[in-house]
Amino acid sequence: MNLSGNQFQLTRPKTTLTKTFKFPRVFDETATNADVYAEEIAPAVNASLRAGHSVSVIAFGARGTGKTQTTRAQEGVAMRAVDDIFASITDVHEAMVSVSALMSAVTPPVSSHMTGKQFTHEVLLDGMLPAGEGAEAYHGGLHVREHPRLGFYVEGLTEVAAHSPEECRALVARALDNFAAEEARVGLAPGAPLRVHCLVTFRVRTLAPGGLERVADVQVLDLAGWVRERPAPRGRKSAAAAQRPAGAVGEDMVVKAFLRIVGQLESMPGGHIPYRDSKLTRLLAPALGGTARCVLLMHVARDAYEETEAMLVLAATCARVSCSPVARAINYAEEIAVRRREASALLGASSPGAGGVPRAQDLAIELDSGQKRVRARDLLAAAELLERDAAAWAEVLERSAAFKLDGGAAAAAARVDRKPHRLKDVSTDSSVVSEESKSNKGAVAGGSCGNAGRACAVKDRAWEHSAPAAVPGGVEGGDDGKIAASAATSSARDADGAVGSEADFSARLAMLSVRRGSGSRIRAMS
């Protein structure tokens, strides 16, 4: 590979075939992080924050090409962006900067009775919280939700407000340490991740004197190294396959989704874009889709022709994708007032209550309700949603104060991203319940139902029913589509962990009448 200015000349080994790639800016191996940030990253961050736009910096490339050094080093992009972010809010009436960190861990295959075998499993982990004990057994992860106005977000992700650049850098350093600890576990034990993608997000909220609130995100993403697996001689494993844990499939669903999205944006920008192929690409939808600014730092190596060629082709494809950043700005007080005034006009004098416009949940909709009443309820629901969004600023400050008070101990104790697999919790209880239910098969269900007598062992869930302890024997099944199932909760065990008496156990059984179509079956619940 020859580099001349901003142009690559790539020659295939043992041939004279040469390809040429030209880019706006190319940094060689002598460039420092300060050079890269000052020339490319800082102008993009400053321009985006002044306009109220979001910006994402994505580092991608083959393994060992310096992505982590560029983004997560002590003088990398994540640390250097802090000063520019706080400099952008010096002349603002009111502002808040918050930090969140997210890890997308690609784990080995997971076998489930619902979905069968999955090639890889993507788990979202909170980067602001340490792994703690038993981290090797995680199979839960955080969930991605979609807001009707704000788009995709991670439910339950820790977001901490920083009031100074020094405090912000300390939070970033905490997240980077957790990233490194999680990456150290890659491939060490069964259930450990195969790859870890690391994302740091700075959220900048500003409030103008008139009440206009702007929200802009600065994201720094370190995608795990891309590997093109070469075919191995017949009867032998490739080098990449030999390094995998037993039974693991080495495809990275996040990287594959990223490549598909870029290809689709370049070939069919107006068609369907598969953002939902992975959780992380959903969060990157604004940057990849064009509503936010995106800076792609492509890393290549001189001594790896195939990986370098693939990265240069991808970089050329990304350069042809255009974007039109959109600012996220809203005046909550005005928007809420407009919707409530319109709802009040639609309801007129018939609105219930003398205290003003009712809440959406108190506005009953009947079959003969007119379109005005339905429209008024929708407006009230939209106003209430905006009220909850307007309270996000205060909620972040409140949670941040609690996080700083105990160093995140309470958040780590109540975390939901690292939890044991639910299927593994149902062990001996399942067999005990099944044997007990088989003995009472005649009392549980009558008729000719093929699923009669089956019991579902459900842990950590409880239903409260007013049904008597004795079960009548005339429950229909089969043709009528009614199947009776017994649900046993974890409260069926006493303090010593042993099953109580038969009468005590029967008293805790509740009948669940599940209406299903003819010929349907009941699956085990988890």
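What counts, and where the lines are drawn
Residue numbers here run from 1 along each chain, matching the order of that chain's written sequence. Residues qualify for local features only when their pLDDT is at least 70, as the model is predicted, and side-chain atom pairs are given and counted only at 80 or more; totals for whole chains, interfaces and linings, by contrast, use all residues. For side-chain calculations, the full set of non-hydrogen atoms in the structure is used, while hydrogens and water are omitted. Only runs of H or I of at least four residues qualify as helices and only runs of E of at least two qualify as strands under DSSP, and these elements are numbered from the N terminus. Burial classes: relative accessible area under 20% of the type maximum marks a residue as buried, over 50% as exposed, and values in between as partly exposed (1.4 Å probe, protein chains only). Residue contacts are defined here by distance: any two heavy atoms, one from each residue, within 4.5 Å place the two residues in contact. Per-residue and other accessible areas follow the Shrake-Rupley method at a 1.4 Å probe size, with only the shown protein chains counted as cover for residues. One side-chain nitrogen of Lys or Arg within 4 Å of one carboxyl oxygen of Asp or Glu is enough to make a salt bridge. Note on aromatic contacts: the rings of Phe and Tyr and the six-membered ring of Trp form a pair at centre separations within 6.5 Å, being stacked when their planes are under 30 degrees apart, edge-to-face when over 60 apart, and tilted otherwise. Strand pairing follows a simple DSSP-based rule, namely that at least 2 bridges must link the two strands. Each axis is a line fitted through C-alpha atoms, taken for helices only over the stretch in contact, and angles between the N-to-C directions span 0 to 180 degrees. Think of a 1 Å grid over the protein atoms and nothing else: a 1.4 Å probe that fits but is trapped marks a cavity, an open set flanked by protein within 12 Å on at least five of seven lines marks a pocket, and residues with an atom within 4 Å of a point count as lining. Grid points are joined across faces, edges and corners, and a volume is the space filled by probe spheres set on the points. Ten residue types, Ala, Val, Leu, Ile, Met, Phe, Trp, Tyr, Cys and Pro, are classed as nonpolar, four, Asp, Glu, Lys and Arg, as charged, and the remainder, Gly among them, as polar. Residue types Ala, Val, Leu, Ile, Met, Phe, Trp, Tyr and Cys, when buried and joined through side-chain atoms within 4.5 Å, form a set referred to as a nonpolar core. In protein, a polar contact means a hydrogen-donor-capable atom and an acceptor-capable atom, both N or O and within 3.5 Å, with residues adjacent in sequence counting only if both atoms are side-chain atoms; elsewhere, any N or O pair within 3.5 Å suffices. The scheme is simple: roughly parallel for angles under 35 degrees, roughly antiparallel for over 145, roughly perpendicular for 65 to 115, oblique for anything else. Left-handed describes a crossing whose near helix is turned anticlockwise from the far helix through less than a right angle; right-handed describes the clockwise counterpart. Here pLDDT means the predictor's own confidence in every residue, given as a number from 0 to 100. In this analysis, the expected span of each helix is defined as 1.5 Å times one less than the number of residues it contains. Think of it as the arc spanned by the lines of direction from the helix axis to the C-beta atoms.

**A look at the overall build of the chain**
Part 1 of the reasoning: Secondary structure assignment for the chain yields 17 helices and 18 strands.
Part 2 of the reasoning: Counting all 526 residues of the chain, 40% fall into the buried class.
Part 3 of the reasoning: Across the chain, every contact between residues at least 6 apart in sequence was considered, and the portion connecting residues at least 24 apart equals 71%.
Part 4 of the reasoning: Accessible surface for the chain amounts to roughly 27,700 Å². Of this, 52% is attributable to carbon and sulfur atoms.

**Quick notes on the pattern of salt bridges**
Part 1 of the reasoning: This model, assessed by the stated rule, comprises 25 salt bridges.
Part 2 of the reasoning: The residue E39 makes a salt bridge to R25 at a minimum N-O spacing of 2.9 Å. Of this pair, E39 sits in helix α1 (residues 33-51) while R25 sits in the loop between β3 (18-22) and α1, placing them 14 residues apart in sequence.
Part 3 of the reasoning: Since its relative accessible area comes to 39%, E39 is described here as partly exposed.
Part 4 of the reasoning: For R375, the salt bridge is made with E342, and the minimal N-O distance between the two is 3.6 Å. Separated by 33 residues along the polypeptide, R375 in helix α11 (residues 371-390) and E342 in helix α10 (residues 332-347) bring together distant segments of the chain.

**Structural notes on the packing of aromatic side chains**
For any pair of aromatic rings, geometry is given as the distance between the ring centres together with the angle between the planes.
Part 1 of the reasoning: Counted according to the given criterion, the structure contains two aromatic pairs.
Part 2 of the reasoning: Arranged with centres 6.2 Å apart and planes meeting at 75°, the rings of F8 and F23 form a pair that is edge-to-face. Taken together, the positions of F8 in strand β2 (residues 7-11) and F23 in the loop between β3 and α1 put the pair 15 residues apart, joining distant regions of the chain. For the pair F8 and F23, one class covers both residues: buried.
Part 3 of the reasoning: On the basis of an interplanar angle of 70° and a centroid distance of 5.4 Å, the ring pair of F60 and F258 is categorised as edge-to-face. Of this pair, F60 sits in strand β4 (residues 55-61) while F258 sits in helix α6 (residues 253-267), and the two are 198 residues apart along the sequence.

**Re the sheet that holds β2**
Part 1 of the reasoning: The three strands are arranged β1-β2-β3 in an open sheet whose pairing can be described as antiparallel. Unpaired on one side and paired on the other, β1 (2-4) and β3 mark the two borders of the sheet. Sheet twist, expressed as the mean angle between neighbouring strand axes with direction ignored, is 20°.
Part 2 of the reasoning: Pairing analysis gives five bridges linking β2 to β3, with the strands arranged antiparallel. Bridge pairing in β3 links Q9 to T20.
Part 3 of the reasoning: Across the sheet, helix α9 (residues 305-319) touches β2 and β3, and the angle it forms with β2 is around 140°.

**With respect to the layout of surface pockets**
Part 1 of the reasoning: There is about 1,400 Å³ of room inside the second largest pocket.
Part 2 of the reasoning: Taken together, 45 residues make up the lining of the second largest pocket; nearest its centre are R25, F27, L296, L297 and M298.
Part 3 of the reasoning: Where the lining of the second largest pocket is concerned, the elements lending two or more residues are α1, α2 (67-72), α6, α8 (285-289), β14 (293-299) and α9.
Part 4 of the reasoning: In terms of residue count, β14 provides more of the lining of the second largest pocket than any other element does, seven residues in total.
Part 5 of the reasoning: Split by residue class, the lining of the second largest pocket holds 29 nonpolar, 10 polar and six charged.

**Topic: the nonpolar core**
Part 1 of the reasoning: Among the nonpolar cores identified, the biggest contains 45 residues, and I41, I85, F179 and F202 are the most heavily contacted of them.
Part 2 of the reasoning: Setting aside anything within four residues of it in sequence, one finds F202 in contact with A78, V82, I85, S98, V99, C168, V172, A216, D217, V218 and V220.
Part 3 of the reasoning: Residues I58, L199, W226 and L314 belong to the second largest nonpolar core, which totals 28 residues.

**Observations concerning the side chain of R185**
Part 1 of the reasoning: Examined against the element boundaries, R185 turns out to sit in the loop between α4 (165-183) and β12 (195-207).
Part 2 of the reasoning: At a separation of 2.7 Å, a polar atom in the side chain of R185 contacts the side chain of E182.

**Some thoughts on the packing of α6 against α9**
Part 1 of the reasoning: Where α6 meets α9, the axes come as close as 9 Å, and the angle between the chain directions of the two elements is 45°. By the angle between their axes, α6 is oblique relative to α9. Crossing handedness for the pair α6 and α9: left-handed. Of the residues in α9, those touching α6 at F258, L259, V262 and E266 are L314, T317 and C318.
Part 2 of the reasoning: Of the residues belonging to the contact of α6 with α9, the class tally is five nonpolar, one polar and one charged.

**Things to note about the side chain of T201**
Part 1 of the reasoning: Within the secondary structure layout, T201 lies in strand β12.
Part 2 of the reasoning: Using a relative accessible area of 11% as the deciding quantity, one classes T201 as buried.

**With respect to the confidence of the model for the chain**
Part 1 of the reasoning: Of the residues in the chain, 70% reach a pLDDT of 70 or more, and the chain-wide mean stands at 76.
Part 2 of the reasoning: Across residues 349-354, where pLDDT falls below 50, the model places two contacts with residues more than four positions away in sequence or in other chains.

**Focus: the environment of Q7**
Part 1 of the reasoning: Tracing the chain through its elements places Q7 in strand β2.
Part 2 of the reasoning: The spatial distance from the C-alpha of Q7 to the C-alpha of P24 is 8.9 Å, given a sequence separation of 17 residues.
Part 3 of the reasoning: Not counting chain neighbours up to four residues away, the residues in contact with Q7 comprise N2, T20, F21 and K22.

**Quick notes on α10**
Part 1 of the reasoning: For α10, built from 16 residues, the straight-helix expectation of 22 Å at 1.5 Å per residue is met to within 8% by its first-to-last C-alpha distance of 23 Å.
Part 2 of the reasoning: Burial in α10 covers these residues: Y332, I336, R340, A343 and L347. All buried residues of α10 fall inside an arc of 60° around its axis, so they share one side. Seen from the open side of α10, the exposed residues pointing more than 90 degrees away from its buried face are E334, R341 and A345.
Part 3 of the reasoning: Tucked into the core, α10 has its buried residues touching β13 (212-222), β15 (328-331) and α11.
Part 4 of the reasoning: Once α10 ends, the next one or two residues include G348, with phi positive near 65°.

**Topic: α4**
Part 1 of the reasoning: Its 19 residues place the ends of α4 27 Å apart at the C-alpha level, agreeing with the 27 Å of an ideal helix rising 1.5 Å per residue.
Part 2 of the reasoning: Taken residue by residue, α4 has C168, L171, V172, A175, L176, N178, F179 and E182 as its buried positions. An end-on view of α4 places all buried positions within 160° of arc, on one side of the element. For α4, the exposed residues lying more than 90 degrees away from the buried face are E166 and D177.

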